[in-house]
Amino acid sequence: MRILFLFSLALAIVPLLAGEVTHVVQKNETLGGIARKYGVSTAALQSFNGISDANLLFAGKKLKIPSATASQIDYVIKTGDSLGGIASRFGVKTSDLIEINGIKQPNLIKVGQKITIPLGTAKKPPATPLLPASVLKALKTIKNSSRWKRIVIHHSATPVDDALNMHKVHKNQRGMKNGLAYHFVISNGSRKASDGEIHIGGRWKGQLDGGHMKQLSLNKTSIGICLIGNFELGPPTSKQLKSLEALCKHLMKNCRIPYSSVTTHKLLHPNHTKCPGKCFSLPAFVKRIKP
Ligand SMILES: [Zn+2]
């Protein structure tokens with residue numbers, strides 16, 4: 001434990017007052033276990049509380065838990081230190097250390113040099129976009145049929161459009177009795193709906209076949225989601241992608257569709273269409289919905 005002792009001596013602690021939490025150590029608890037519980041690194045917890053030997057933790061001791069957003073620690077570089085080593089000990093990203101401390105040459109840190117370590121910037125899970133409450137509420141009133149086997153992503157191929165206009169075109173010009181061929185439309189803000197707005201089509205409300213695929217068998221089993229825009233010319237908006245992610249996750253869960261069955265129009269009909277365009281990357285999108 002000599003190493004840990006020296007290590008903690010090298011630290012000067014700069015707690016900021018906001019959001020500090022106290023934890024009373026219970027019997028059989030370890031510093032590592034407590035650190036995990038609060039999502040901070042063991043090194044940070046130890047230095048924050050001035051503990052020289054982690055093995056001498058006793059039940060009843062009060063520990064201050066560094067708040068992830070409100071704390072930082074000053075650290076003095078010792079012989080043998082590397083930025084990567086310090087970063088992994090404190091559970092932060094090396095790139096964050098470099099950026100926060102304005103370090104120009106990461107390989108040339110000096111013994112005695114003081115750096116600031118931000119706490120809790122690493123390991124934050126990426127925020128999962130949520131469906132708007134109104135959409136979620138509307139979706140919950142619909143009893144899903146068990147026949148949906150896949151989700152097919154389309155683009156409208158028209159830069160300016162919205163679901164209501166598409167519904168009219170599909171009904172009046174294409175003669176589709178049920179109108180809007182897709183189950184869902186996600187707007188790009190180009191017309192009346194706002195960017196990322198999810199329109200629940202009549203075919204989803206009524207759990208009807210889609211009209212978005214050439215084959216009837218595919219229309220019977222495929223949920224069609226259309227993003228407004230021409231993705232041969234440019235990518236979807238980030239709000240559209242967030243809405244698509246939230247919607248797909250909801251549908252995958254409720255209709256028991258695996259992420260591997262989220263696909264595009266052109267993958268099912270490669271010679272028939274380019275939909276949803278070369279600027280929509282399915283592999284990049286699948287990364288977002290993969291559990
Ligand atoms: Zn399509």
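Residues numbered from 1 in each chain as written. Predicted model: local features only at pLDDT ≥ 70, side-chain atom pairs only at ≥ 80, totals over all residues.

Student: So, the overall build of the chain: which residues are in play, and what are the values?
Tutor: Tallying secondary structure elements over the chain gives 12 helices and 10 strands in all. Among the 291 residues that make up the chain, the fraction classed as buried is 30%. Taking all contacts inside the chain whose residues are at least 6 apart in sequence as the whole, residues at least 24 apart take part in 73%. (Helix = DSSP H or I, 4+ residues; strand = E, 2+ residues; numbered from the N terminus. Buried ≥ 20, exposed ≤ 12 C-beta atoms within 10 Å, placed from the backbone. Contact = placed C-beta atoms within 7 Å.)

Student: So, the nonpolar core: which residues are in play, and what are the values?
Tutor: Soluble, globular proteins show a tendency: their nonpolar side chains are buried together. Judged by nonpolar contacts, the single largest core of 28 residues is most densely connected at Ile151, Phe184, Val185, Ile186, Ile225 and Leu247. Within the residue set of this core, elements represented by two or more residues are strand S6 (150-155), helix H7 (163-173), strand S7 (184-188), strand S9 (222-227) and helix H10 (238-254). Ranked by the residues each element gives to this core, the list is headed by H10, at 6 residues. Setting aside anything within four residues of it in sequence, one finds Val185 in contact with Ala163, Met166, His199, Gly201, Cys226 and Ile228. Listed in part, the 15 residues of the second largest apolar core include Ala35, Val40, Ile73 and Val92. (Core = buried A, V, L, I, M, F, W, Y, C linked by C-beta atoms within 7 Å.)

Student: Let's hear about the confidence of the model for the chain: which residues, and what values?
Tutor: Looking at the chain, pLDDT values average 87 and 88% of them are 70 or higher. Note on residues 1-19: pLDDT under 50 across the span, and 36 contacts to partners over four residues away in sequence or across chains. (pLDDT = per-residue confidence, 0-100.)

Student: Can you explain the sheet that holds S7? Please cite residues and give values.
Tutor: Taking strand neighbours across the sheet as the criterion, the 5 strands line up as S8-S7-S9-S6-S10 in an open arrangement whose pairing is mixed. Unpaired on one side and paired on the other, strand S8 (195-200) and strand S10 (262-264) mark the two borders of the sheet. Going from strand to strand, the sheet's axes swing by 25 degrees on average, the running direction of each strand aside. As defined by bridge partners, S6 adjoins S9 across 6 bridges and the pair is classed as parallel. Counterpart to Val152 in the pairing with S9 is Gly224. Against the sheet, H10 touches S6, S7, S8, S9 and S10, its axis set at about 35 degrees to S8. (Pairing = 2+ DSSP bridges. Axes fitted to C-alpha atoms, helices over the stretch in contact; angles between N-to-C directions.)

Student: Lay out the pairing of S9 in plain terms, naming residues and giving numbers.
Tutor: With 6 of 6 residues buried, S9 lies mostly within the body of the structure. By the alternation rule, side chains of S9 split into Ser222, Gly224 and Cys226 and Ile223, Ile225 and Leu227, which are all buried. Judged from the 3 bridges that link them, S7 and S9 form a sheet pairing that is parallel. Of the residues in S9, the one forming a bridge with Phe184 is Ile225.

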